[in-house]
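What follows is each chain in one-letter form.
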Amino acid sequence: MKTERKVLVDGVLYPVILSDEQETLLAAKAAGRVFVGLAEKGGAARLWGAEYVAEAEPEWERENNQKDAGRGAAGTFVGEEQTAEDLIRRAGVDDVYLERIVRRSLGLPWRICETERLLIREFTKEDGTRVLKEPEEETESDRVFYTPELLDAYIRHQYRFCEYGIWAVVRKSDGALVGTAGVSAGQEEDGQKSAGEAEGEEEAWLELGYHIFRPYRRRGYAREACEAVIAYAEQEFSCRIRAAVKPDNTASVRLLKKLGIPYYFVTEGSKI
């Protein structure tokens, strides 16, 4: 089965091949086309030539008078003809998903979320020359954004495999890069003291991180960007958000309280 969809990305229409056939996907790859494999749940491994495979969930809910005995192994009915469109529907493939596949395949940044004034998107290699260096506030994790080479490695590994990370905060009115915001898989270290978090909780967490460059502060950008990032991460990754902060960073502590998320204090010399 094979079908083609056209996806609008930054004003350009890109064709995307969708198929459950190994040969079709290999041909698309050889031709430099953007393509997505389609498979029933658990069947992605057989499409070894496809970097992206959308797996279709079984469709068990049918009309009440249809019996379970008539279902095939994947939740469809024996003898029922499957189409590419059926797999696409059951796999939840929509325009947002296809746009992200096109962007990833062509090396274009994902657009994470937007607010009235800000666009939060993935960094690009070219952003490495636009990030403002503020040594007095620099942390070890900030240095990856200072050079195109380090930033390119971050983009290829962090975004591609995790689909989250620290993103660029761009002012929509003029395209200015005003800061960074995003989430990471933080890990508590010895000597950290938690605050605003119940003891014994075992939930999936991601840690909020942000930094607004000095020329753009006191305009509400930090809260605006963080609220958008929190909403996106909670919905996209089905997790809770917390933050790490140094006790003497009173401005960030005030912001975290306004955001209403748990936070914990980190000791001097930590790597955040």
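Let us look at the structure shown here. Because the structure is a prediction, the values reported are computed rather than measured.

1. Comments concerning unusual backbone geometry
Moving on, step 1. Although it is not a glycine, Asp-10 sits at a positive phi angle of roughly 50°.
Moving on, step 2. Taking the relative accessible area as the measure of exposure, Asp-10 reaches 55% and is therefore exposed.
Moving on, step 3. Its identity is not glycine, yet Ser-238 carries a phi of approximately 50°, on the positive side.
Moving on, step 4. Here Ser-238 shows up in the loop between α5 (221–237) and β11 (240–245).
Moving on, step 5. When its relative accessible area of 62% is taken as the criterion, Ser-238 is described as exposed.

2. Structural notes on the sheet that holds strand β3 (residues 34–40)
Moving on, step 1. Taking strand neighbours across the sheet as the criterion, the 4 strands line up as β1-β2-β3-β4 in an open arrangement whose pairing is mixed. One side of each edge strand has no neighbouring strand; the edge strands of this open sheet are β1 (2–9) and β4 (53–56). Looking at each pair of strands side by side, their axes are set apart by 30° on average, direction ignored.
Moving on, step 2. Alignment of β1 against strand β2 (residues 12–19), held across 8 bridges, turns out to be antiparallel. Bridging from a neighbouring strand, Glu-4 pairs with Ile-17 of β2.
Moving on, step 3. Packed on one face of the sheet, helix α1 (residues 22–30) meets β1, β2 and β3 and runs near 165° to β3.
Moving on, step 4. Sheet contacts for helix α3 (residues 95–106): β1, β2, β3 and β4; angle to β1, the most-contacted strand, approximately 80°.

3. Quick look at the nonpolar core
Moving on, step 1. Grouped together as the largest cluster of nonpolar side chains are 50 residues, with contacts concentrated most on Ile-120, Phe-123, Trp-167, Leu-208 and Ile-241.
Moving on, step 2. Listed in part, the 17 residues of the second largest apolar core include Val-36, Ala-56, Ala-84 and Val-93.

4. A closer look at helix α4 (residues 148–162)
Moving on, step 1. Given a rise of 1.5 Å per residue, 15 residues ought to cover 21 Å, and the 20 Å separating the end C-alpha atoms of α4 matches this to within 8%.
Moving on, step 2. Within the span of α4, buried status applies to Leu-151, Tyr-154, Ile-155, Gln-158 and Tyr-159.
Moving on, step 3. In this fold, the buried residues of α4 make contact with α3 and β7 (166–171).
Moving on, step 4. Count one or two residues on from α4 and you reach Glu-163, which has phi positive near 65°.

5. Some remarks on the pattern of salt bridges
Moving on, step 1. The full count for this structure, using the stated rule, is 22 salt bridges.
Moving on, step 2. Its salt-bridge partner being Arg-121, residue Asp-127 comes within 2.8 Å of it at the nearest N-O pair.
Moving on, step 3. For Asp-127, a relative accessible area of 2% gives the class buried.
Moving on, step 4. Put simply, Glu-207 and Arg-242 hold a salt bridge, and the shortest N to O gap is 3.7 Å. Taken together, the residues span a long stretch of sequence, with Glu-207 in strand β10 (residues 205–212) and Arg-242 in strand β11 at a distance of 35 residues.
Moving on, step 5. One continuous salt-bridge network, built from bridges that share partners, spans Glu-40, Asp-86, Arg-89 and Arg-90.

6. Some words on the packing of α5 against helix α6 (residues 250–259)
Moving on, step 1. Close contact between α5 and α6 brings their axes to 11 Å; oriented N to C, the two are set at 45°. Accordingly, the angle class assigned to the pair α5 and α6 is oblique. For α5 against α6, the interelement crossing comes out right-handed. Two secondary-structure elements touch here, α5 through Ala-222, Arg-223, Cys-226, Glu-227 and Ile-230 and α6 through Leu-255, Lys-258 and Leu-259.
Moving on, step 2. Considering only residue class, the contact of α5 with α6 consists of 5 nonpolar, no polar and 3 charged.

7. Re the environment of Val-229
Moving on, step 1. By the element assignment, Val-229 lies in helix α5.
Moving on, step 2. Residues Val-229 and Ile-112 lie 117 residues apart in sequence; the distance between their C-alpha atoms is 8.2 Å.
Moving on, step 3. Excluding its chain neighbours within four sequence positions, the residues that come into contact with Val-229 are Cys-113, Ile-120, Trp-167, Ala-181, Gly-182, Val-183 and Leu-208.

8. Concerning the environment of Arg-104
Moving on, step 1. Considering the arrangement of structural elements, one finds Arg-104 in helix α3.
Moving on, step 2. Here Arg-104 falls in the buried class, since its relative accessible area comes to 8%.
Moving on, step 3. Note: C-alpha distance between Arg-104 and Arg-160 (56 residues apart in sequence) is 7.7 Å.
Moving on, step 4. The residues touching Arg-104, leaving out its near neighbours within four places in the chain, are Tyr-52, Trp-110, Glu-122, Tyr-159 and Arg-160.

9. Comments concerning the environment of Glu-85
Moving on, step 1. In this fold, Glu-85 is placed in helix α2 (residues 84–90).
Moving on, step 2. Look at Glu-85 and you get partly exposed, because its relative accessible area is 37%.
Moving on, step 3. For the pair formed by Glu-85 and Leu-18, sequence separation is 67 residues and the distance between their alpha carbons is 9.4 Å.
Moving on, step 4. The contacts of Glu-85, once residues within four sequence positions are left out, are Thr-3 and Arg-5.

Rules behind the numbers
Residues numbered from 1 in each chain as written. Predicted model: local features only at pLDDT ≥ 70, side-chain atom pairs only at ≥ 80, totals over all residues. Heavy atoms only, no water. Buried < 20%, exposed > 50% of the residue type's maximum accessible area, 1.4 Å probe, protein only. Helix = DSSP H or I, 4+ residues; strand = E, 2+ residues; numbered from the N terminus. Pairing = 2+ DSSP bridges. Axes fitted to C-alpha atoms, helices over the stretch in contact; angles between N-to-C directions. Contact = heavy atoms within 4.5 Å. Core = buried A, V, L, I, M, F, W, Y, C linked by side-chain atoms within 4.5 Å. Expected span 1.5 Å × (residues − 1). Salt bridge = Lys/Arg side-chain N within 4 Å of Asp/Glu carboxyl O. Parallel < 35°, antiparallel > 145°, perpendicular 65-115°, else oblique. Left-handed = near helix turned anticlockwise from the far one by under 90°. Nonpolar A, V, L, I, M, F, W, Y, C, P; charged D, E, K, R; others polar.

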